[in-house]
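Read off the chains here:
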Amino acid sequence: MKKILLYTISLLFLVTSCDLDYFPSDALTPDQLSADPGGAIYITEGNYSMFKDEYEYKGLYSSGNTYIRHYMMMTEYPGDNVTLSGRTTDPLYEAAVYRTTNTLKNVSTLWWLGYRILLGTNSVIGNVQDGASVESDHIKGENYFLRAITHLHLVTLYAKPYSQGRENKGIILRTSTDTSNSDFATVGEVYDQIVADLKEAIRLMSIGSRRGNAGFASKAAAQGLLSRVYLYMGMNQEVIDLVDEMLAGATPESKLESSATFPGYFANALTSRETLWAIAHTSLESQGQSSIASMYLNDGMGWGEVFSSDPLNDLYERYPEDIRYRSFVIPKYDPNSSSMMISWPVASEGTEDFRSNELRDVELNVSTNKYFFTEGSQNITVETEIVNGYPQNYIIWNGTKHKVRLTRRMQNRNSFPLYYISKFSYQDGDPMLSSPVMIRWAEVILNRAEAYAKLNRSAEALADVNVIRQRAGLSGDALFTTSNLAERGYSSVLDVVLDERRLELAFEGHRMFDVYRNNKEMDRRFAGVQPWEVISPDNPKIQYPIPFDETSVN
């Protein structure tokens, strides 16, 4: 258990239901802290820990109650990359079906922990003197970075996207340990503060080097996050200029894991050149059944109830050799069968508007070289057509055309074929352990690609996209040019970039933001327990409600 030195009395309100030990508030004075960065290091370590440690909140059980677990599920599950295969009592269910309330555990805990982190960062920022030493400047810069990313998480979850207006209601800004003012800032004011904080982080961390592995913030991490913030703000030229500055003449490829090492990237994220910042976990910090991985995988342990979605699998399967699909999506085939099957979504029984899967074993008609199954006395044949340049299977069943997926026979849960996800697994060989990646070079390159696309610099945008695709093992016709977009169903380079972001950053908490900040609709008409619907970017339910514990006192 880490001990955190507190020297600001206003921090004491955080102690409620806390499993950390605190020293007296006068253990270090601001003058002492300015002269000796050691105390600031203790507090900074505590700030990092609050992203990953389990906490009780208002007497609720602490198992799985972590900032990072809630964040990853609150950002990924409302999107179109994953499929929840059944009802669960975990509040991740409400995130997946957009039925969040202001008293849900995840909604309340992430807000509460976010403001705890902010107060901890403000303690260091407010009491460490600039220029005392390279080490103390770097520590202060780390806290500016942590303050910025926490504000960004809160404003993107609990407020409307920046692209919908700067004057919309945002969140409470916390830039000091004075908590007497709890007015809500506008979205624009929050983003302006985030930009200012990241610029300070970059300045303070420009001299010296990262303190250890990628679990510590650095100048490059702050620059990478700033490229994301500029992108969200529509500051496209600033994105390009910043990424160019980060590369400093190096090629994008030199910042990425190679094709050969990429399959092991997420298990080794803390030591990879690609990682700009990850939430570091050690082998002693595996949370087993309460981990992020537990919902995505069952490998000796884990629930294994959330799978990659049909539309995402379809996108990957345009090029089945894609390393990202072969390495991070794990189809669980029936070990006792080598036969083939098809699946397609069908309406569920009862009043809820979701779709389960119809599953059918199929056999090959050698005379036609087509698969079929028998329904009564009728043979239903699996036909193939070319859609946007790619083959797509379908059947005519009960007079209706159904798009189907044709695969080897697979294991299933509640009719959902098991497509396990491994991006949060296998650190130190533990299937439930990872250090979740929050910022990496692949995202930064795609940030620049999107900025290029929005400035109509199509060739440069596609060049960045192709860097990512080549690392994924794709080549030749699998790469994009300005002349082959239309035949593949794309009306714009931006849509190519957004699909590439989806493929590359799947399950990492980007998809929901990428869709809505670009004022696009989220099509969730695929098998899963979510309602069968298309969600518009102006739907108020895309933002999480401010927790009742906040609104009841503010």
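Residues numbered from 1 in each chain as written. Predicted model: local features only at pLDDT ≥ 70, side-chain atom pairs only at ≥ 80, totals over all residues. Heavy atoms only, no water.

1. Observations concerning the pairing of strand 9 (residues 340-347)
Moving on, step 1. For strand 9, the tally of buried residues reaches 6 of 8 residues, placing the bulk of the element in the interior.
Moving on, step 2. Sheet topology places strand 9 next to strand 10 (residues 355-365); 8 bridges connect them, and they run antiparallel. Looking at the pairing, Pro-345 lines up with Asn-357 of strand 10.
Moving on, step 3. Pairing analysis gives 4 bridges linking strand 9 to strand 15 (residues 400-408), with the strands arranged antiparallel. If you follow Met-340 over to strand 15, its bridge partner there is Arg-408. (Buried < 20%, exposed > 50% of the residue type's maximum accessible area, 1.4 Å probe, protein only. Helix = DSSP H or I, 4+ residues; strand = E, 2+ residues; numbered from the N terminus. Pairing = 2+ DSSP bridges.)

2. Observations concerning helix 6 (residues 134-158)
Moving on, step 1. Here helix 6 contains 25 residues, and its C-alpha end-to-end distance of 36 Å stays within 8% of the 36 Å for a straight helix at 1.5 Å per residue.
Moving on, step 2. The element helix 6 is largely enclosed, with a buried count of 23 among its 25 residues. (Expected span 1.5 Å × (residues − 1).)

3. Side note on the side chain of Asp-514
Moving on, step 1. Structurally, Asp-514 can be placed in helix 16 (residues 511-517).
Moving on, step 2. Reaching out from Asp-514, the side chain makes a polar contact with the side chain of Arg-517 at a distance of 2.8 Å. (Polar contact = N/O pair within 3.5 Å; in protein donor to acceptor, adjacent residues only side chain to side chain.)

4. Quick word on the environment of Glu-450
Moving on, step 1. Relative to the helices and strands, Glu-450 is located in helix 13 (residues 441-454).
Moving on, step 2. Judged by relative accessible area, which is 0%, Glu-450 ranks as buried.
Moving on, step 3. Between the alpha carbons of Glu-450 and Ile-240 there is a distance of 9.5 Å; along the sequence they are 210 residues apart.
Moving on, step 4. Excluding residues within four positions of it along the chain, Glu-450 makes contact with Leu-231, Leu-494, Val-497, Leu-498, Arg-501, Arg-517 and Asn-518.
Moving on, step 5. Of the polar contacts made by the side chain of Glu-450, one reaches the side chain of Asn-518; its length is 3.3 Å. (Contact = heavy atoms within 4.5 Å.)

5. Thoughts on the sheet that holds strand 11 (residues 370-375)
Moving on, step 1. Read across the open sheet, the 7 strands follow the order 12-11-10-9-15-14-13; overall the sheet is antiparallel. The strands lining the two open edges of the sheet, one partner per strand, are strand 12 (378-381) and strand 13 (383-387). Averaged over all neighbouring strand pairs, the angle between strand axes comes to 45 degrees, with direction disregarded. (Axes fitted to C-alpha atoms, helices over the stretch in contact; angles between N-to-C directions.)

6. Regarding unusual backbone geometry
Moving on, step 1. The phi dihedral of Tyr-98 is positive, around 60 degrees, even though this residue is not glycine.
Moving on, step 2. Of the residues examined, Tyr-98 reaches a relative accessible area of 9% and is grouped as buried.
Moving on, step 3. Unusually for a residue other than glycine, Asn-456 sits at a positive phi of about 60 degrees.
Moving on, step 4. Here Asn-456 is to be found in the loop between helix 13 and helix 14 (458-471).

7. Things to note about the packing of aromatic side chains
Moving on, step 1. Applying the stated criterion to the full structure yields 25 aromatic pairs.
Moving on, step 2. Measuring from ring centre to ring centre gives 6.0 Å for Phe-307 and Tyr-420, while their planes differ by 50 degrees; the resulting arrangement is tilted. With Phe-307 in strand 7 (residues 306-308) and Tyr-420 in strand 18 (residues 419-421), the pair connects residues that are 113 residues apart, well separated along the chain.
Moving on, step 3. Given the relative accessible area of 1%, Phe-307 is considered buried.
Moving on, step 4. What makes Tyr-420 buried here is its relative accessible area of 6%.
Moving on, step 5. Each member of the aromatic cluster is reached from another via a ring pair, and the members are Phe-51, Tyr-67, Tyr-71, Phe-145 and Trp-277.
Moving on, step 6. Just above the ring of Phe-184 sits the side chain of Lys-169; from NZ or CZ to the centre is 4.4 Å.
Moving on, step 7. In this structure, Arg-471 is placed above the aromatic ring of Phe-262, and the distance from its NZ or CZ to the ring centre is 3.6 Å. (Phe/Tyr/Trp six-rings, centres within 6.5 Å; stacked < 30°, edge-to-face > 60°. Lys NZ or Arg CZ within 6 Å of the ring centre and 35° of its normal.)

8. Some remarks on the confidence of the model for the chain
Moving on, step 1. Per-residue pLDDT for the chain averages 92, and the proportion of residues at 70 or more is 93%.
Moving on, step 2. Predicted confidence for residues 1-28 stays below pLDDT 50, and this span has 67 contacts to residues more than four positions away or in other chains. (pLDDT = per-residue confidence, 0-100.)

9. Here's the deal with the pattern of salt bridges
Moving on, step 1. The full count for this structure, using the stated rule, is 45 salt bridges.
Moving on, step 2. Between Asp-334 and Arg-409 there is a salt bridge whose closest N-O contact spans 3.8 Å. Taken together, the positions of Asp-334 in the loop between strand 8 (329-331) and strand 9 and Arg-409 in the loop between strand 15 and strand 16 (412-413) put the pair 75 residues apart, joining distant regions of the chain.
Moving on, step 3. By relative accessible area, which is 32% here, Arg-409 ends up partly exposed.
Moving on, step 4. Close ionic contact of Lys-423 with Glu-508 constitutes a salt bridge, the shortest N to O distance being 2.7 Å. Residue Lys-423 is located in the loop between strand 18 and strand 19 (437-440), and its partner Glu-508 is located in the loop between helix 15 (493-505) and helix 16; the two are separated by 85 residues in the primary sequence. (Salt bridge = Lys/Arg side-chain N within 4 Å of Asp/Glu carboxyl O.)

10. With respect to the packing of helix 3 (residues 67-76) against helix 6
Packed helices, taken two at a time, are described by their axes: the angle between them and the distance between them.
Moving on, step 1. Viewed as axis vectors pointing N to C, helix 3 and helix 6 meet at an angle of 40 degrees, and their least axial separation amounts to 12 Å. The angle between helix 3 and helix 6 falls in the class oblique. Note that helix 3 runs across helix 6; the crossing there is left-handed. Seen from helix 3, the contacting residues are Tyr-67, Tyr-71, Met-74 and Thr-75; seen from helix 6, they are Thr-150, His-153, Leu-157 and Tyr-158.
Moving on, step 2. Here the contact of helix 3 with helix 6 is built from residues that sort into 5 nonpolar, 3 polar and no charged. (Parallel < 35°, antiparallel > 145°, perpendicular 65-115°, else oblique. Left-handed = near helix turned anticlockwise from the far one by under 90°. Nonpolar A, V, L, I, M, F, W, Y, C, P; charged D, E, K, R; others polar.)

11. Topic: the nonpolar core
Moving on, step 1. If you look at the biggest cluster of nonpolar residues, it comprises 135 residues, and the most contacted ones within it are Phe-145, Tyr-158 and Trp-277.
Moving on, step 2. It is helix 6 that provides the largest number of residues to this core, a total of 10 residues.
Moving on, step 3. Excluding its chain neighbours within four sequence positions, the residues that come into contact with Phe-145 are Leu-198, Ala-201, Met-205, Ala-217, Ala-221, Ala-222, Leu-225, Trp-277 and Ile-439.
Moving on, step 4. Counting residues in each nonpolar core, the second largest holds 11 residues, with Met-340, Val-362, Ile-395 and Val-404 among its members. (Core = buried A, V, L, I, M, F, W, Y, C linked by side-chain atoms within 4.5 Å.)

12. Examining the environment of Met-233
Moving on, step 1. Take Met-233: it is sitting in the loop between helix 8 (219-232) and helix 9 (236-247).
Moving on, step 2. The exposure class of Met-233 is buried, given its relative accessible area of 12%.
Moving on, step 3. The sequence separation of Met-233 and Ser-435 amounts to 202 residues, and the corresponding C-alpha distance is 28 Å.

13. Let's talk about the pairing of strand 12
Moving on, step 1. With 4 bridges connecting them, strand 11 and strand 12 associate as antiparallel partners. From the neighbouring strand, Glu-375 faces strand 12, where its bridge partner is Gln-378.
Moving on, step 2. Between the antiparallel neighbours strand 11 and strand 12 lie 2 residues, among them Gly-376 with a positive phi of about 65 degrees.

14. With respect to helix 15
Moving on, step 1. Over its 13 residues, helix 15 extends 18 Å from the first C-alpha to the last, a length consistent with the 18 Å expected when each residue adds 1.5 Å.
Moving on, step 2. Burial analysis of helix 15 places 12 of its 13 residues in the buried class, the great majority of the element.
Moving on, step 3. Among the residues of helix 15, those classed as buried are Val-493, Leu-494, Val-496, Val-497, Leu-498, Asp-499, Glu-500, Arg-501, Arg-502, Leu-503, Glu-504 and Leu-505.
Moving on, step 4. Phe-507 sits one or two positions beyond helix 15 and adopts a positive phi of about 75 degrees.

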